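Report on the structure
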Amino acid sequence: MAALQIIRPQLSRAARLPRRLRRPALNPVVNVQVGSQVSGNIAKLFVDYNSQVKAGQVVAQIDPALFQATVTQAEGDLANAQAALELAKVNATRTQELFTRKTSSQADLDQAMATLHQAEANVKIKKGALDKARADLDHCTITSPIDGVVISRSVDVGQTVAPRLQAPVIFAIANDLTKLQIESHVAEADVGVVKIDQNVDFTVDAFPMETFHGKVVQVRNAPITVQNVVTYDTVIGVSNPELKLKPGMTENVSIIVAHKDDVLQIKNAALRYRPPDATPVQTRKTVTSRGARPAAGRGGGAQQGAQRTVYVLPSGAHRPEPRQIETGISDGIVTEVVEGLKEGDRVVTAELASTPAGPSPPSNPFGGPRRFP
């Protein structure tokens, strides 16, 4: 005996065709890494994790003793250069007067003028050194460049930072955690159907029973190739007014590329069922009379605008009969039925074979209970 598993097509409020993506991570829209331009020991930290900061607020202080000494030395060098400049001016003026009275040679005048120009240049050099020393001293006080929340701290008091090739990161500050974004990698086979302003549904492990929503805000043209797989960055904007979502959470993302309301749908298991004695039929024939085309990409469980064969069990019949239907969009679980079925038809999804009762198989003579010494 065999039992048929039957479903009835039903009208659904919406049928969706999602494109499922790899698990990306939530990121703040603006995330600034605050570092140090000078080397030294961290003397003070004024903020910590989750601290609210304002633009220009002091967040850390590097020990300024060495840089203050450098400024004092630069100020002394500048004063010495200015004194030499004053002396060079006096000598140049005196030599000019002597040359006018014919009591000094042209060579003496040229030497005095050259010394004056050298003194002027030396003053500029010392001023530049003083400006640099003062700038380094100012960089000992680290301020926040934006308003936001501290989401990461990488140093402790007493730790030495030494920027060489790049500035060390001290804090990471997110501008606004109520607006987050997801950078998803969409495969090249699916990127053709992804458009700006499409709706996005996603879930996170922290709230497995809740579905969050977003919108596609950007599809970047730069390809990303990893192990010969080409993907494209798709940026999804997410509103987070309740701050339930946190940076770094991974998501299961579905981009809704098609949506229909009040459509007749059946489970995809009905499209796969074939009786054991069924004759071969053409099950995938693209419909061109209406101008429909197969859906692009790999997200749907059935082709859009295609003819499929399902088996219907009429009332009072004992064997299912094949019927050609025209399918629409699919989400991989259910498929829209455009033509060929009506609500209430009994569609076969599987055949359940019952095992007749009989004597139990002989037991294994070597399968007795194990004894341990």
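A quick note: this is a predicted structure, and the numbers were derived from the prediction, not measured.

A few points about the sheet that holds strand β10 (residues 160-161)
- Spatially, 4 strands are ordered β8-β7-β5-β10 in an open sheet, and the strand pairing comes out antiparallel. Of all the strands in the sheet, the pair left with one neighbour each is β8 (141-143) and β10.
- Examined bridge by bridge, strand β5 (residues 40-45) and β10 share 2 bridges and lie antiparallel to one another. Note that in β10 the partner of N41 across the bridge is T160.

Describing the packing of aromatic side chains
- Going through the model one piece at a time under the given rule, you end up with 3 aromatic pairs.
- Here F207 and F212 contribute two aromatic rings whose centre-to-centre distance is 6.1 Å and whose plane-to-plane angle is 65°, an arrangement assigned as edge-to-face.
- Aromatic side chains Y273 and Y311 sit 5.9 Å apart centroid to centroid with 90° between the ring planes, which places their arrangement in the edge-to-face category. With Y273 in the loop between α3 (269-272) and β17 (285-286) and Y311 in strand β18 (residues 306-312), this pair connects stretches of sequence that are 38 residues apart. Neither Y273 nor Y311 differs from the other in exposure class; each is buried.
- Over the aromatic face of F207 sits the side chain of K244, whose NZ or CZ is 4.7 Å from the ring centroid.

Topic: the sheet that holds strand β11 (residues 169-174)
- Sheet architecture is open: 4 strands sit in the order β4-β11-β9-β6, paired in antiparallel fashion. Looking along the sheet, the strands with just one partner apiece sit at the ends: β4 (31-35) and β6 (52-53).
- Where β6 lies against strand β9 (residues 148-153), 2 bridges are found, and the strand directions are antiparallel. Of the residues in β9, the one forming a bridge with V53 is G148.

Regarding the environment of F202
- Structurally, the position occupied by F202 is in strand β13 (residues 199-204).
- Separated by 49 residues in the primary sequence, F202 and E251 place their C-alpha atoms 6.1 Å from one another.
- In contact with F202, not counting residues within four places along its chain, are I182, E210, T211, F212, H213, G214, V238, L245, E251, N252 and V253.

Section: the pairing of strand β12 (residues 179-187)
- Relative to β12, strand β3 (residues 26-28) runs antiparallel, the two sharing 3 bridges. When the bridges of β12 are listed, N27 appears paired with Q181.

Quick word on helix α1 (residues 65-100)
- Taking 1.5 Å of rise per residue, the 36 residues of α1 would be expected to cover 52 Å, and the 53 Å separating its terminal C-alpha atoms lies within 8% of that figure.
- Of all the positions in α1, only F67, V71, A74, L78, A81, L85, A88, A92 and T95 are classed as buried.
- Elements in contact with the buried residues of α1: α2 (106-138).
- Positive phi shows up at K102, right after α1, with a value of about 65°.

What about the pattern of salt bridges?
- As enumerated under the stated definition, the model contains 10 salt bridges in all.
- For D48, the salt bridge identified is with R153, shortest N-O distance 2.9 Å. In this pair, D48 is assigned in the loop between β5 and β6 and R153 in strand β9, connecting sequence segments 105 residues apart.
- Residue D48 is classed as partly exposed on the basis of its relative accessible area, which comes to 35%.
- Between E210 and K244 there is a salt bridge, and its shortest N-O distance comes to 2.7 Å. In this pair, E210 is assigned in strand β14 (residues 207-226) and K244 in the loop between β15 (229-239) and β16 (251-267), connecting sequence segments 34 residues apart.
- Residue classification places E210 among the partly exposed positions, given a relative accessible area of 30%.
- Looking at K244, the relative accessible area reads 24%, which means it is partly exposed.
- Salt bridges here are not isolated pairs; linked through shared partners, they connect D48, R153 and D156.

What counts and how
Residues numbered from 1 in each chain as written. Predicted model: local features only at pLDDT ≥ 70, side-chain atom pairs only at ≥ 80, totals over all residues. Heavy atoms only, no water. Pairing = 2+ DSSP bridges. Helix = DSSP H or I, 4+ residues; strand = E, 2+ residues; numbered from the N terminus. Phe/Tyr/Trp six-rings, centres within 6.5 Å; stacked < 30°, edge-to-face > 60°. Buried < 20%, exposed > 50% of the residue type's maximum accessible area, 1.4 Å probe, protein only. Lys NZ or Arg CZ within 6 Å of the ring centre and 35° of its normal. Contact = heavy atoms within 4.5 Å. Expected span 1.5 Å × (residues − 1). Salt bridge = Lys/Arg side-chain N within 4 Å of Asp/Glu carboxyl O.

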